[in-house]
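Report on the structure
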Amino acid sequence: MSESTGQGAKRTYYDAADLGKFGEIAEGAPDLARKFFDWYGAVFAEGALTAREKSLIALAVSHAVQCPYCIDAYSTDALEKGSNVDQMTEAVHVAAAIRGGASLVHGVQMRNHVHALGM
Amino acid sequence: MGRILATLQKRGAELSGADAQRALLASVPLPRSFEAALGSSGLFPLRPTTLDILQVNVGRRCNQTCKHCHVDAGPDRSEVMPRDVMEAVLAFLTRHRVGRLDITGGAPELHPDFRELVVRGAAAGAHVMHRCNLTAILLPNYADIPALLAAHRVEVIASLPYFQARETDAQRGAGVFDESIEGLRRLNALGYGRGTGLELNLVANPVGTFLPGDQASLETMWKRELKQRFDLDFDHLFTITNMPISRFLEFIDERGRTVDYMTRLANAYNPVAAASVMCRNTLSVGYDGRLYDCDFNQMLEMPLADGAPRTIFDASLAALHEREIAVGPHCFGCTAGAGSSCGGAVA
């Protein structure tokens, strides 16, 4: 029994092969899928930002949202667009900094509350 | 990492033979065959258009052992084109007025008669192209080559997969990047790539199991980076897909990525690229005079189709024009995305 059927001993929630099946999502709601994929393609087209810059943003966001499919896809895409591992690592640090900073800045809220409760 | 690795042949590797490579490629389950893909585009059987390029592989000797090399070239290879084959090549070039003589290898300049082939090819009226690894021309016995190329207006097509050492050396061997920069400096100093009419084009194969990006965008990036970092200039960047043959085939197979890579190529089939594949206007000659539809078929030992001439000694244009081009799963490498040829993207 294959892993992707979810019935084998090595059942996992994420299967790299599922990324290749993304298009099958259209079987449920074809009009919505068409709109999504058209829009998705337009988003990543060369524009005010280069396709390479958008690819690095996508790579960073992939880490922020912790999407393994996206990380696979945009690691490849970034390399294909000429980025190197230094640039890609810095992009991931940007995502990590925002995530870390987002937690830490809530410390101000904690401090406000402490001050409100304290004497 | 060492600068020089043993070739597949030297190691007696399982994939050193063309039979084993073809068998492995044939065993990969793909969504459809290359023939079926061509058929869906109305291109099967694939036929030649006009013969514009005579691509001559003068031998397997090279001073590098790049990981992606489809020739399995290296210092331990000894095959070189003998005189009688070279004479037949020049006779064919002259007789049929083929417009372009594309000299490849190995490192072509290591052939003892490379200089003569350049001079006589140019004298025959052909636009001569030299596929240069940028480091052989630094060797003492070959340091005269750049000036010779310039004197005969030879187009230089030089390999540089990235504008940094780490990526370039990972593919081509330790220290190759720094030497390549010196090779480019010498070519620039002669006027190559600097608007003098001496054409210097770079080739970038991906440093890994991914496809080349948009050629025009990468060219812009390579030009900017090489100018800023090293004050170097060139004319065009050609992106070339890594072909699943010889060392690159072993590379992906050892990593268990053969199916993924071949599927990626097959899924990226582009009918526009298929219509412009280089085998339609190119004839490939092996060091031993055998004829092939391309350098890749040559390494897989897939000769011209039955009925077509087999060697440069018995080649006629009419018979060549009637042939069906021999294809296989590796051909998806030339039709993926924007396509790939010895002149870069085709679509």
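This section reports on the structure supplied with the text. Nothing here was measured: the structure is a model prediction, and the numbers come from that model. Every chain is numbered on its own, with residues counted from 1 as its sequence reads. Think of it this way: whatever chain is written first is A, whatever ligand is written first is 1, and the rest follow in order. With the structure being a predicted model, the display of local features is reserved for residues of pLDDT at least 70 and the display and counting of side-chain atom pairs for 80 or more, all residues being used for whole-chain, interface and lining totals. Side-chain descriptors were evaluated using all non-hydrogen atoms of the structure, hydrogens and water having been removed beforehand.

Section: the pattern of salt bridges
All names here are of chain B. When a carboxyl oxygen of Asp or Glu is within 4 Å of a side-chain nitrogen of Lys or Arg, the pair counts as a salt bridge. Applying the stated rule across the entire model yields 32 salt bridges over all chains. Put simply, Arg-77 and Glu-79 hold a salt bridge, and the shortest N to O gap is 2.6 Å. We note that Arg-77, like Glu-79, is buried. Between Arg-323 and Asp-293 there is a salt bridge whose closest N-O contact spans 2.6 Å. Remark: Asp-293 occurs in the loop between strand S8 (291–292) and helix H13 (295–299) and Arg-323 occurs in the loop between helix H14 (317–321) and helix H15 (332–335); sequence separation between them is 30 residues. Using a 1.4 Å probe on the protein chains alone, a residue whose accessible area is under 20% of its type maximum counts as buried, one over 50% counts as exposed, and one in between counts as partly exposed. Residue classification places Asp-293 among the buried residues on the basis of a relative accessible area of 0%. Salt bridges sharing common partners tie together Arg-83, Glu-87, Asp-113, Glu-116 and Arg-120. We count a stretch as a helix when DSSP gives it H or I for four or more residues in a row; a strand needs E for two or more, and each element gets its number in order from the N terminus.

A word on empty space enclosed by the protein
All names here are of chain B. Any residue with an atom within 4 Å of a point lines the site, the site being either a cavity, points on a 1 Å grid over the protein atoms alone where a 1.4 Å probe fits but cannot get out, or a pocket, an open set with protein on both sides within 12 Å along at least 5 of 7 lines. Grid points are joined across faces, edges and corners, and a volume is the space filled by probe spheres set on the points. As enumerated under the stated definition, the model contains three cavities of 30 Å³ or more in all. In terms of lining, the largest cavity is formed by 32 residues, of which the most central are His-68, His-70, Thr-104, Gly-105 and Ser-159. Contributions of two or more residues to the lining of the largest cavity are made by strand S3 (127–132), strand S4 (155–159) and H13. Lys, Arg, Asp and Glu make up the charged group, whereas Ala, Val, Leu, Ile, Met, Phe, Trp, Tyr, Cys and Pro make up the nonpolar group; the residues left over, Gly among them, are polar. Each residue belonging to the lining of the largest cavity can be placed in one class, and the counts come to 15 nonpolar, 13 polar and four charged. Computed from the structure, the second largest cavity encloses a volume of approximately 110 Å³. Around the second largest cavity, the lining comprises 17 residues; the ones closest to its centre are Val-277, Cys-279, Cys-294, Cys-331 and Cys-334. For the lining of the second largest cavity, the secondary structure elements donating two or more residues are H13 and H15.

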